[in-house]
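In case you want the letters, here they are:
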Amino acid sequence: MSFDLHRPNTMAEAIGLAARLGPAARYIAGGTDLVVQINRGRATPQHVIDISHLADLRHDIVQTADGFSLGALTRYRNIERHPAFQDALKLLPEAASVVGGVQVRNIASIGGNIINASPAADFVPALLALDAELDIQGAAGRRSESLRDFILGPGKTGLQAGEILAAVRFKPLPAHSATAFLKEGRRKAMEISVVCVAASLTLDASGKTCLAARIAVGAVAPKAYRAAAAEAALAGLPADTASFRLAGQLAAEQAAPISDVRASAEHRHHLVSVLVQRALETCRQRIAGA
Amino acid sequence: MSRRLLELTINGETHQLLAEPHWTLLHVLRNQIGMMGTKENCLEAECGVCTVLLDGRAVNSCLLLAGQAEGHQITTIEGLGTPENLDPLQQAFIECGAVQCGYCIPGMILTAKSFLDENPGHVPSRQEIREAVAGTLCRCTGYGKIVDAISVSAERRLAKQHKEPAA
Amino acid sequence: MNAEAFRATGRVAGKRLPRMDGIGKVIGKHVYAADFTLPGMLYGRVLRSNKPHARIVKIDTSRAKAMPGVRTVITAADIPAVRYGQAVRDAPVFALDRVLFYGHAIAAVAATTLEIAEQALAAIDVELEDLPAVYDPEEALTNAILVHPDWQDFKVLPILVRDGNMTARTRMITGDADAAFANAYRVYEHRFKTALQHPGYTEPRASVADWDANGNVTVWTNTQLPFDTQTTLSEILDLPVSRVRVIVPGIGGGFGGKLRIGVEHYAALLARNTARPVRVLSTSEEELIAATPRQSAVVHLKTAVDRDGKLLGRQGRIIVDCGAFAGSGPAMASVSLQVLAGPYRNGTLALEGIAVYTNKVPAGSFRAPAGPMANFAVESQMDIIAEDLGIDPLELRLRNIVHEGDKGPSGEELKSVSVEECLRKAAAAIGWHDRKPAPGRGKGIACSWWMTTGGSSGVYVKIDPDGTATLVSGAVEIGTAALTGASQVLAEALSLDLDDIKVAGVDTQTSPYDYGAQGSRTAFSVGNACLAAAADLRQQLFELAAKQWNITTDGMELRDKQVIAGNKTIAIAELARLSRLSGGGLIAHGTANSPGPAFDPGRVENHMLPAWNTPSFHAQAADLSVDSETGAVSINRYVVAQDVGFAINPTYIEGQIEGGVSQGIGQALSEEIVYQNGRVMNANLTDYKMPTAMDVPEIECILVQSASAAGPFGAKGVGEPPCIHPPAALANAIAAATGARMHSLPMTAEKIVKELRSARE
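Computed from a prediction, not measured in an experiment: that's the story for all the values here.

### As for the overall build of chain A
Looking only at helices and strands, chain A features eleven helices and 14 strands. Relative to the compact-globule value of 19 Å for 290 residues, chain A shows a C-alpha radius of gyration of 19 Å, a close match. For the C-alpha atoms alone, the extent of chain A along its principal axes is close to 55 × 45 × 30 Å. Within the span of chain A, comprising 290 residues, buried residues form 58% of the whole. Across chain A, the fraction of contacts at a sequence separation of at least 24, relative to all contacts at a separation of at least 6, is 63%. Carbon and sulfur atoms form 53% of the exposed surface of chain A, whose accessible area is close to 11,100 Å². Treating the 31 positive side-chain charges of chain A as one cloud and the 26 negative ones as another, the clouds have centres 4 Å apart.

Following this line, the structure appears as structure tokens:
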């Protein structure tokens, strides 16, 4: 393994470098995914372009009239501790706080984790459940794409050559909404998810009927998915155990897990229905408690 | 690929060296500069023995390219305390019996320091401490006395803060 | 030996004093083997097999040798065909005509940088032809596929009974078990399985070797057994023992995984070929595919009881999976039988231990080797019996445990028996009266006994004219603070403070012999040797004082760092100075040895450790909750009551208990080296799951102190027992919480869900 390290100052410079160096170049931010891949021989870039310092690539969390915008360099630890995410958007710190150890969360960027497109990434389902949009900077300018469309499969995204993921945006939740993120692994920390589930639930003013739900499931398919059938079924159903159980079953039907050293496909299947049901129940309790 | 000049600020001192671009900060610390307090084990950010502070925040030096550390303040265990003037965390680790083989301890102490510095006015619960150090594996102690040491250190820090404004 | 002459005053021995090497460790100055370097050092790496069992068709190193920066490449063809080992000398340095497991060393390279060494490994051209392999230990016993077709050619200890893949068989027989079973009220029969567990030390195995101009080799390494490593190296290198020098800088944990030669021989051979110092440092992957994890085992256990739950007999067989080389397997097949017998009056016994080869990683002795696997079986079954008979599990144990003066399973007399006290204290502390406090929550208990490994220890103790003493020991401080404990014993005996003692590092050339940092013996045995040295020094001090005062030594005392006779006093420091003038300075050699007790040879067959030295007794209890849908286990509380004889330093004894329990929790719930078709599927710390701070509960320690006759101030071995019970205690608590009875380790959430489902169906 050996490569040249480039440290441009702006996104334009970085994109220019990437265009010049071609497919042998990779961007690096926190490096917690890429360096492991390089060490294991799974990535062999000849050029690594450090984008962790770009003056115009944000690492902050900004609240706008239209919701939130998270700079792609935002670190997990900052999300965990952000005061705006402790209520309705609780799924964000819940998902951020279970990514590796604190040392990783102090440096790993959310943008890098999205680009890495691991099927088991914890933060991706959380963002999927918020219908996140991505701002992507390329040579020709800036474009937007929904996260749902952006991730194509394990390690594959819609990022075009030279493009940099700049920010992640999502809209505020409607009234009477709450979110939750749940994950299972063998240990209580330092786990790659066996299954992870993110949910956002909106009830009517009485708190008795589901108006809308967004459910995202990770680690049980080539890419995290939205449980569309479960979401559709929930609309209009009473916010009770039977409805949530049904949603869990429908979400599990969509799963296509593999068996590996972490868990069997059968167990993963089972956990999807349990965790989806629980995540929805947690949302319901949070709405009632708010 | 060719080596290039690297300038790192480690424990307040500037170090210049010729480095290959793919070298990690851990490699540079141990094998180029000869600072062995930062330990080496899994090289995949799973064990935490290589923890250093980057601008005061704990990071795994095994996955950080040395070139990316340029322009940042790097603190290693050698920068924390001396035998005559131990950092309060170092003192508490000794007093509480939190040290056994000691190989994880430099990383553990720096992980704890980063955590306590995040919120200086707060004495964390034992559970919060456990969450904070979960990225650093210790095989000897079962963690209980490490949690004791961090907890004691946080209490003392707060007591000192209360005392100082009055003085 | 003069231990009786000293009594602990509580001034130093018994106190919670900080460990002696603490400051160096917290400031990052302590040098570990992995930190040790020499100028001009080369980097060594080992090429390992990527197939589990294959014929070596070709090894071509020419391309690697030609690479710039590569200084040497060695294979089996370059060195004498020495086989080394413990009970069975079956292990060559490199694979000979066949590779026997995934990870088997094929070649080693030394180069100017680690990267070049790694590139050189990739440039070695190896052609392997797959052979049929055997992975299952029970299948291996059929001998359909032989791991070592030449097994009869190996040099072995005469005590061993062997046959093909079976590399040892031992038995423990008491009374007529068949008759007892025939007359039993009930008979219970179960099968339990345990998994391979890596010791998990945070410092990888590391060695630096360097040859001097006279053909002597020095190896700086993180071994627990420097003298054993010295001997093995002398055999491999074909040198007299005295020309091999082993120095142990700091060692980042061992837990049994650094007992036997690991990478020292590669470093020494590469250094000899290149005339340069060479360092070899294991990678995480090598640790998980080619270190010496705890053996896995299959246990069949059959127990006969009467109507009241009184044990009438136990029959059983434990199969210890050695992997490709015997290692400690034969000894562990032996030791496991005492653990299977348990601290119980069994009535009759017919136990068999078998060690068997398979095409997997050669396993070894991890902390309390054989303990957890046998205890998991016997203590799980005790609860199954209690449940079936409607007897409280604690009560069933109390009806059957051994008491003072009972005979142990080898017919030896048991002394200082404290299992009842341990059980009662652990039960009281966990709140045993409320064993199933809520749905999904339950408590479990397990008890056991364990030896204090014997073996001899020597120390030199030297007193300097400033009145301080230096302890020179061949025992390695692996982190337990055992040498702080031994120093407390020494300081106590010499009327010094702990600050007055220094400990010299281990160097086989200058340190007196020690049997090594293993078997819960260091503080015990080195402490005893310190007492012997202190007795000698005291006599020397008295004689110097007598000469100075021109009186006899009658009635002299050593107190407050001085010799006292009536109203005369003279400081130890002054006597040390006087000794330099005429006596060559104050120094003493103290030794200790701990032979096992007398036993009945008629009760054991081919058993390598028939009678345990100074056994300790203990009980552990867990309170946990199980999520019935996800199977996740959360431990609410964990209590240990352990008889330590005399707590030399309670802080570090608690440290041993807490650390041992957390390793046991790992074995119980999350850790295993996973094989699929002979390949390791989780050779990294992402998927080899050791407990984090979030996985280990607060552990409450109760130190029972039932003094032993043999240990310093009554101490017993401490380090190993804590990791024996967690699998059984947690299994019993899981059963109490859910009704699910787990028969195999690790008890993962997935297995628990499966068990709960099959119980429902």
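From this point, the narrative continues.
### Some words on the domain arrangement of chain B
It is common to give the size of an interface as the accessible area that goes away when the parts come together. Residues and elements named next belong to chain B. The assigned domain composition of chain B is domain 1 (4–79) and domain 2 (88–166). Once you take the C-alpha centre of each, domain 1 and domain 2 turn out to be 22 Å apart. Contacts between domain 1 and domain 2 engage 16 residues on the former and 13 residues on the latter. On the surface where domain 1 and domain 2 come into contact, there are zero salt bridges. Where domain 1 meets domain 2, there are three residue pairs in polar contact (both at pLDDT 80 or more). With three residues, the top contributor of residues to the side of domain 1 that touches domain 2 is strand E3 (residues 51–54).

### Focus on the packing of aromatic side chains
Residue and element names in this part refer to chain C. Under the definition given, this model contains 13 aromatic pairs over all chains. For the pair Trp449 and Trp612, a centre-to-centre distance of 4.4 Å together with 45 degrees between the ring planes defines the contact as tilted. Here Trp449, found in strand E18 (residues 441–450), pairs with Trp612, found in the loop between strand E27 (604–605) and strand E28 (616–626); they are 163 residues apart in sequence, far enough to count as distant. The burial state of Trp449 is the same as that of Trp612; both residues are buried. Here the aromatic cluster, defined as three or more aromatic residues joined through ring pairs, consists of Trp449, Trp450, Trp612 and Phe617. Over the ring of Tyr652 we find Arg19; its NZ or CZ atom is 5.5 Å from the centre of that ring. One residue, Arg294, lies across the ring of Phe366, its end atom 4.4 Å from the ring centre.

### Some words on the interface of chain B and chain C
On the side of chain C, 53 residues touch chain B, which itself brings 49 residues to the contact. Carbon and sulfur atoms supply 55% of the area that chain B and chain C bury against each other, a total of about 3,900 Å² over both sides. In this assembly, chain B and chain C are joined by seven salt bridges. When residues of the side of chain B that touches chain C are traced back to their parent elements, those giving at least two are helix H1 (25–33), helix H2 (88–95), helix H3 (105–118), helix H4 (126–133) and helix H5 (144–166) of chain B. Among the elements that make up the side of chain B that touches chain C, the one with the highest residue count is H4(B) (five residues). Grouping the constituent residues of the side of chain B that touches chain C by class yields 23 nonpolar, 14 polar and twelve charged.

### So, unusual backbone geometry
Residue C:Pro746 is reached from C:Leu745 by a cis peptide bond, and omega for that bond is -10 degrees. Among the secondary structure elements, C:Pro746 is positioned in the loop between helix H17 (726–738) and helix H18 (749–760). Notably, B:Ala45 is not glycine yet its phi reads approximately 60 degrees, a positive angle. The buried category is assigned to B:Ala45, whose relative accessible area is 7%.

### Quick notes on the sheet that holds strand E10 (residues 186–194) of chain C
Residues and elements named next belong to chain C. Spatially, the six strands line up as an open sheet ordered E10-E15-E16-E17-E9-E27, and their pairing is mixed. Both outer strands of the open sheet, E10 and E27, are each paired with one neighbouring strand and no more. As paired strands, strand E9 (residues 166–174) and strand E17 (residues 348–357) are joined by eight bridges and run antiparallel to one another. Bridging from a neighbouring strand, Arg171 pairs with Glu352 of E17.

### Quick word on the packing of helix H13 (residues 482–494) of chain C against helix H14 (residues 522–549) of chain C
All names here are of chain C. The geometry of H13 relative to H14 is characterised by a closest axis approach of 8 Å and an angle of 25 degrees between their N-to-C directions. Overall, the two elements H13 and H14 adopt an arrangement that is roughly parallel. Of the two possible hands of crossing, H13 and H14 adopt the one that is right-handed. On the side of H13, the interface is formed by Ala482, Leu483, Ala486, Val489, Leu490, Ala493 and Leu494, while H14 contributes Thr522, Ala523, Val526, Gly527, Cys530, Leu531, Ala534 and Leu537. Residue composition of the contact of H13 with H14, by class: 13 nonpolar, two polar and no charged.

### Regarding the sheet that holds strand E1 (residues 4–6) of chain A
Two strands in a sheet stick together by hydrogen bonds in their backbones, pointing the same way (parallel) or opposite ways (antiparallel). All names here are of chain A. With parallel pairing, the three strands of this open sheet are ordered in space as E1-E3-E2. Only two strands of the sheet have a single neighbouring strand rather than two, namely E1 and strand E2 (25–28). Between one strand and the next, the sheet's axes are offset by a mean angle of 25 degrees, whatever the strand orientation. Sheet analysis places E1 next to strand E3 (residues 47–50), joined by three bridges and oriented parallel. Bridge pairing links Leu5 to Val48 in E3. Lying over the sheet, helix H1 (residues 11–21) contacts E1, E2 and E3, oriented at roughly 170 degrees with respect to E3.

### Observations regarding the domain arrangement of chain A
What the domain assignment lists for chain A is domain 1 (4–50), domain 2 (61–170) and domain 3 (177–289). The C-alpha centroid of domain 3 of chain A is placed 36 Å from the C-alpha centroid of domain 1 of chain A.

### Some words on the environment of A:Leu234
By the secondary structure assignment, A:Leu234 is in helix H9 (residues 228–234). In this structure, A:Leu234 is in contact with A:Cys210, A:Ala213, A:Ile215, A:Ser243, A:Phe244, A:Ala247 and A:Leu280, ignoring residues within four places of it in sequence.

### Here we look at the pairing of strand E10 (residues 164–170) of chain A
All names here are of chain A. Counting buried positions along E10 gives six out of seven residues, so the element sits mostly inside the fold. Relative to E10, strand E5 (residues 67–71) runs antiparallel, the two being bridged by four bridges. Among the inter-strand pairings, Gly71 is bridged to a residue of E10, identified as Ala167. For strand E6 (residues 133–138) and E10, the ladder comprises five bridges, and the chain directions are antiparallel. By the bridge assignment for E10, Asp135 is matched with Ala167.

Reading guide: rules and limits
Residues numbered from 1 in each chain as written. Chains lettered and ligands numbered in written order. Predicted model: local features only at pLDDT ≥ 70, side-chain atom pairs only at ≥ 80, totals over all residues. Heavy atoms only, no water. Helix = DSSP H or I, 4+ residues; strand = E, 2+ residues; numbered from the N terminus. Rg over C-alpha atoms; globule rule 2.2 N^0.38 Å. Buried < 20%, exposed > 50% of the residue type's maximum accessible area, 1.4 Å probe, protein only. Contact = heavy atoms within 4.5 Å. Areas by Shrake-Rupley, 256 points an atom, 1.4 Å probe, with all protein chains shown as cover. Lys, Arg positive; Asp, Glu negative; His and termini not counted. Charge placed at Lys NZ, Arg CZ, Asp CG, Glu CD. Domains from an automatic or database assignment. Salt bridge = Lys/Arg side-chain N within 4 Å of Asp/Glu carboxyl O. Polar contact = N/O pair within 3.5 Å; in protein donor to acceptor, adjacent residues only side chain to side chain. Phe/Tyr/Trp six-rings, centres within 6.5 Å; stacked < 30°, edge-to-face > 60°. Lys NZ or Arg CZ within 6 Å of the ring centre and 35° of its normal. Buried area = accessible area lost by both parts, 1.4 Å probe. Nonpolar A, V, L, I, M, F, W, Y, C, P; charged D, E, K, R; others polar. Pairing = 2+ DSSP bridges. Axes fitted to C-alpha atoms, helices over the stretch in contact; angles between N-to-C directions. Parallel < 35°, antiparallel > 145°, perpendicular 65-115°, else oblique. Left-handed = near helix turned anticlockwise from the far one by under 90°.

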